Amino acid sequence: MARVCQLFSGSSGNAILISSKGKNILVDVGVSAKRCEQSLMALGILPKDINAVFVTHEHRDHCCGVRVFSSRNNVPVYSSYDCINAMAEQEIVNDKISLNPFDERLVIDDIEVLAFHQSHDSADCLGYRFNLANQRSVSICTDTGYVTDEAKSVMNGSDLVFLESNHEISMVEAGPYPYYLKKRILGPEGHLSNFACGEYMKELAKSGTTRFVLSHLSRENNMPDIARQNAVTALSEINYRENVDYRLFVSPPENRGGAIAL
């Protein structure tokens with residue numbers, strides 16, 4: 001049995017745990033190493049038992065704790081060349097930890113990792129698909145203005161997908177953010193809206209995805225109930241029923257509800 005859990009989600013910090021047959025992987029450490037370690041131990045996992053950290057991109061809410069967590073627990077870090085270089089330039093990481101650039105595919109014991117490029121205003125932003133030893137698959141797609149064709153080609157057919165449902169468009173437009181920030185959020189290199197999330201969920205459901213986790217919700221421009229209802233409505237348009245054809249989860253800023261079993 002595999003377990004997955006979004007430990008932290010949103011602009012205040014992000015981290016996702018994937019555990020399969022004794023192997024433990026983190027995607028992002030966007031909070032302090034101490035907070036991440038405490039969250040892992042609450043799930044019964046020792047930080048030293050993490051086998052790898054995969055970083056999506058160099059924005060601090062995804063990687064600010066990577067250096068300390070990696071060095072303290074002797075964990076290798078993986079991401080694209082451009083992301084690693086950007087983190088190094090910002091002194092988020094250094095050569096005292098194990099930095100491993102890759103672009104497309106690698107295998108860690110029985111886990112196959114496929115990377116895909118996303119549309120975000122960073123040096124490079126990766127999403128990931130993890131094909132686990134129990135024949136289950138988990139994909140992560142957050143921080144993107146739209147779902148790229150490359151992302152779709154890799155993610156389709158995943159059993160579980162962490163999918164960004166960042167904002168409700170009308171809330172951004174009517175909200176207090178300055179124009180430049182609204183333009184960034186709503187633009188092609190910004191964040192995925194509830195509507196765009198729901199539209200892609202239809203494709204994923206048709207491809208065989210049965211578990212969805214709505215991730216990276218904005219505290220200012222979204223509400224969990226709005227994001228959830230949008231997703232349920234979108235899937236109802238193709239006659240998919242919650243808790244019959246699929247299960248739906250909404251990630252809070254900090255997870256206290258345990259892991260999802262696969």
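Above this text you will find the structure in question.
Residues numbered from 1 in each chain as written. Predicted model: local features only at pLDDT ≥ 70, side-chain atom pairs only at ≥ 80, totals over all residues. Heavy atoms only, no water.

Spatially, β6-β5-β4-β3-β2-β1-β14 is the arrangement adopted by the seven strands of the open sheet, whose pairing is mixed. Single-partner strands in this sheet number two, and they are β6 (99-101) and β14 (260-261). Sheet topology places strand β1 (residues 2-8) next to β14; two bridges connect them, and they run antiparallel. The residue of β14 that forms the bridge with R3 is A261. (Pairing = 2+ DSSP bridges. Helix = DSSP H or I, 4+ residues; strand = E, 2+ residues; numbered from the N terminus.)

Moving on, we come to the packing of aromatic side chains. Taken as a whole and judged by the stated rule, the model has eight aromatic pairs. Relative to F130, the ring of F54 has its centre 5.6 Å away and its plane inclined at 80 degrees; by these criteria the two rings are edge-to-face. Of this pair, F54 sits in strand β4 (residues 52-54) while F130 sits in strand β9 (residues 126-131); the two residues are 76 residues apart in sequence, bridging distant segments of the chain. Here the two residues F54 and F130 agree in accessibility, since each one is buried. Aromatic pair Y128 and F130: ring centres 6.0 Å apart, planes at 40 degrees, arrangement tilted. Pairwise contacts between aromatic rings join F54, Y78, F102, Y128 and F130 into one cluster. (Phe/Tyr/Trp six-rings, centres within 6.5 Å; stacked < 30°, edge-to-face > 60°. Buried < 20%, exposed > 50% of the residue type's maximum accessible area, 1.4 Å probe, protein only.)

On to the sheet that holds strand β7 (residues 105-108). If you walk across this open sheet you meet the seven strands as β7-β8-β9-β10-β11-β12-β13, and the pairing is mixed. Each edge of the open sheet carries a strand with a single partner, namely β7 and β13 (247-250). Geometrically, the sheet is characterised by an average inter-axis angle of 15 degrees between neighbouring strands, direction not taken into account. Of the pairings in the sheet, the one linking strand β10 (residues 137-141) to strand β11 (residues 160-164) comprises four bridges and is parallel in character. The residue of β11 that forms the bridge with C141 is L163. Against the sheet, helix α8 (residues 194-207) contacts β11, β12 (211-215) and β13, and its axis sits at roughly 165 degrees relative to β11. (Axes fitted to C-alpha atoms, helices over the stretch in contact; angles between N-to-C directions. Contact = heavy atoms within 4.5 Å.)

Summarising the element assignment, N73 is placed in helix α3 (residues 66-73). Judged by relative accessible area, N73 falls into the buried class, the value being 13%. Separated by 22 residues in the primary sequence, N73 and N51 place their C-alpha atoms 9.5 Å from one another. With residues up to four places along the chain from it excluded, the contact list for N73 reads E37, P47 and K48. One polar contact links N73 to E37, side chain to side chain, over a distance of 3.0 Å. (Polar contact = N/O pair within 3.5 Å; in protein donor to acceptor, adjacent residues only side chain to side chain.)

Here helix α9 (residues 224-236) spans 18 Å end to end across 13 residues, near enough to the 18 Å set by a 1.5 Å rise per residue. Among the residues of α9, those classed as buried are A227, A231, A234 and L235. Along the long axis of α9, the arc covered by the buried residues comes to 95 degrees, so they all point the same way. Against the buried residues of α9 lie α8, β12 and β13. (Expected span 1.5 Å × (residues − 1). Arc of directions from axis to C-beta.)

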